[in-house]
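Examination of the molecular architecture
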Amino acid sequence: MENKKSHSFFKFDIVSFYPSISQTLFEKTIAWCKEYISISEEEYSIILNARKSFLFKDFEPWRKKNDSLFDVPMGAYDGAEICELVGLFILSKLAEVIPNAFLGLYRDDGLAIVKGSGPQLERLRKKVFEIFKNLNLKVTIEANMKKCDFLDVLFDLNNQTYKPFRKNNQQILYINKESNHPRTITKQLPGMISKRLSDLSCSKKVFDEETPAYQEAIRNAGYSEELEFEKNEYKSKVSKNRRSRKIIWFNPPYCQTVKTKVGKKFLALIDKHFKDTKLEKYFNRSTIKISHSCLPNLDNIISKHNKKILVKEIKKCNQSSMCNCRGGINNCPMNGKCLENSLIYKAEVEITKPNPSKKITSPSKTYIGMASNTFKERYRNHTLSFRNEKYQNNTSLSKHIWDLEKKEIPYRITWTIAGKAPK
C-alpha cells in the first residue's frame, strides 16, 4: 500500500454474531453462493435441517422467543463454517462501499483500511451501519484510527509497523514440558512459538522487545530453549495439480505410562497382513498413518464423573419435587408432575362401559384448561366441583361429569400436560 500515513483503520465488530444469524440471512447467503457454485436442493435441505437446535435445562425444553428451531450454535460441528459463509456474503455487501483489497473479516471481527477526511469517514460509517441494518445485524464501529489491534496483532500506520498483541492482564501459559503430551508436541513447542512471534513482528528489533514475556512463560513451563527471530520469507507457491491421497488415520490415546510402542506395532501389523497381497494398494504405510491423541487431564475426568452422578441425583430430586401425592407417582393424577405450574393441561373423559339405553352425545370428550399456579391446586378445584352439586356449573368439565353421574354412566378421566408457558 502506498502512502500509508494518509490512510486510517476502520474497525467493526458484529454484536452476537452467531445467534443473530437468522434463517432469512442464511437463505440470502445460500442464494448468493449459488451464483458461484452449484448447490442442489438435497444439499440445501441437509444444511437447513442441520440448523435445527434444541436446548434443555433441568430436563425441560426451552423455546426461542420467535418460536423457531433455526439456530447457528457456537461449538456445533459446522457452526464456524456457516459463520464464515455468512461472513463472505457480508463482505460482498461491504465491497460496495469499501474496496475488497483493503477489507477483511474473521468471524465477528472486521477490519478495513480507508482513506478520507473526518466527514467522509462519518458518511462511510453510516453506510456500513445501513448495510448491517438491512441484514438485521447490529454492529459497533471504530473509525479514523492510526493504531489498531486486530486478533493477536497490533498495527501502527504512523510508524508503519506491526507487532504481537495481547491484553495487559492476559497471562501467558504453555503446556508443561513434563505434561502427559506426545513428545513431538513438547519438543516442537518452542520452535512454534518462535515462528509465530516472528510472523507477527515486522523486524528483529520488535521481536526482541516483545519476546521477554513469552520467554519467561516457556521457562516456567520447563523449557530451556531460547526464542529466536526467524526472518519471514514469503514465497509464492506454485500450485501443482496433484491427486489428493486418501489417508486413513489411526489415533490411539497417548499416555506416558504406556511403554509399548503402539505405533511401531500397528504399522508392523499393516506390513504383515497386507504386504504382497491384492489389498496392498489400499492398505500400506502411505495410505494409513498414525497420530496420537491426547487424553483429558485428571481434573476433566473427575469433573465428568461427578457430573454424571450429580445429574442422576438432580433428576431424582426434580422428579420427587414435582409430586407430593400420598402413595407417590402411582396415586398422582398427572403421573408425577402435579406440582408443575404455569401450564396448559388436558382432561380426557372416556366412557368405560357405554350404556345403550342412555343417550350420550359423544363417547369421549376433551377439556383444555390453564393453571397459573400449580396443577394440583387447580385439580382440587375440579374435584370439588365433581363432589358438590352446587358447583356443577363451574366449568364445562364439571357439567359433563355431572351429566354422566346423573345417567349413571361409568367414566375415567386422564390428565396430561398439553403445554407450558415459555421460560
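I will try to describe carefully the structure that is included in this document. (Residues numbered from 1 in each chain as written. Predicted model: local features only at pLDDT ≥ 70, side-chain atom pairs only at ≥ 80, totals over all residues. Heavy atoms only, no water.)

Observations regarding the sheet that holds strand 6 (residues 139-145)
The four strands lie next to each other as 4-5-1-6, forming an open sheet whose pairing is antiparallel. Both edges of this open sheet fall to strand 4 (103-106) and strand 6, since each of them pairs with a single strand only. Here the strands of the sheet are splayed against their neighbours by 15° on average, with no regard to which way each runs. The sheet strands contacting helix 4 (residues 79-94) are strand 1 (7-14) and strand 4, and the helix crosses strand 4 at an angle near 160°. (Pairing = 2+ DSSP bridges. Helix = DSSP H or I, 4+ residues; strand = E, 2+ residues; numbered from the N terminus. Axes fitted to C-alpha atoms, helices over the stretch in contact; angles between N-to-C directions. Contact = heavy atoms within 4.5 Å.)

Regarding the sheet that holds strand 8 (residues 153-156)
Across the sheet, three strands lie side by side as 7-8-9; this open sheet has antiparallel pairing. Of all the strands in the sheet, the pair left with one neighbour each is strand 7 (147-150) and strand 9 (161-164). For this sheet the average axis-to-axis angle between neighbouring strands, irrespective of direction, equals 20°. For strand 7 and strand 8, the ladder comprises four bridges, and the chain directions are antiparallel. In the strand pairing of strand 8, Asp149 is matched with Leu154.

Re the packing of helix 4 against helix 5 (residues 118-134)
Each pair of packed helices gets described by two things: the angle between the helix axes and the distance between those axes. Where helix 4 meets helix 5, the axes come as close as 10 Å, and the angle between the chain directions of the two elements is 140°. For the element pair helix 4 / helix 5, the angle class is oblique. For helix 4 against helix 5, the interelement crossing comes out right-handed. From helix 4, Ile90, Lys93 and Leu94 reach across to helix 5, where they touch Val128, Ile131 and Phe132. (Parallel < 35°, antiparallel > 145°, perpendicular 65-115°, else oblique. Left-handed = near helix turned anticlockwise from the far one by under 90°.)

Looking at the nonpolar core
If you look at the biggest cluster of nonpolar residues, it comprises 36 residues, and the most contacted ones within it are Phe10, Phe12, Ile90 and Phe132. Listing elements by their share of this core, those giving two or more residues are strand 1, helix 1 (17-20), helix 2 (23-33), helix 4, strand 4, strand 5 (109-115), helix 5 and strand 6. Sorting elements by how many residues they give to this core places helix 4 first, with seven residues. Ignoring sequence-local partners within four residues, the contact set of Phe12 consists of Leu94, Leu103, Gly104, Leu105, Asp108, Asp109, Gly110, Leu111, Phe132, Val139, Thr140 and Ile141. The next biggest cluster of nonpolar side chains, apart from the first, holds 19 residues, and it includes Cys323, Met334, Leu397 and Ile409. (Core = buried A, V, L, I, M, F, W, Y, C linked by side-chain atoms within 4.5 Å. Buried < 20%, exposed > 50% of the residue type's maximum accessible area, 1.4 Å probe, protein only.)

Points about a nonpolar patch on the surface
A cluster of nonpolar side chains, namely Phe54, Phe56 and Leu69, defines an oily patch on the protein surface of about 360 Å² accessible area. Inspection of the secondary structure puts Phe54 in the loop between helix 3 (41-49) and strand 2 (55-57). Residue Phe54 is classed as exposed on the basis of its relative accessible area, which comes to 60%. (Patch = residues over 30% accessible without salt bridge, like charges linked within 9 Å, V, L, I, M, F, W, Y side chains within 5 Å. Areas by Shrake-Rupley, 256 points an atom, 1.4 Å probe, with all protein chains shown as cover. Salt bridge = Lys/Arg side-chain N within 4 Å of Asp/Glu carboxyl O.)

So, unusual backbone geometry
Excluding glycine, residues mostly carry a negative phi; peptide bonds, for their part, are mostly trans. Residue Asn136 is not a glycine yet carries a positive backbone phi of 60°. Mapped onto the fold, Asn136 is located in the loop between helix 5 and strand 6. Backbone geometry at Leu151 places phi at a positive 60°, although glycine is not the residue there. Here Leu151 falls in the partly exposed class, since its relative accessible area comes to 43%.

It is worth stressing that arrangement in space is one thing and function is another; only the former is reported here.
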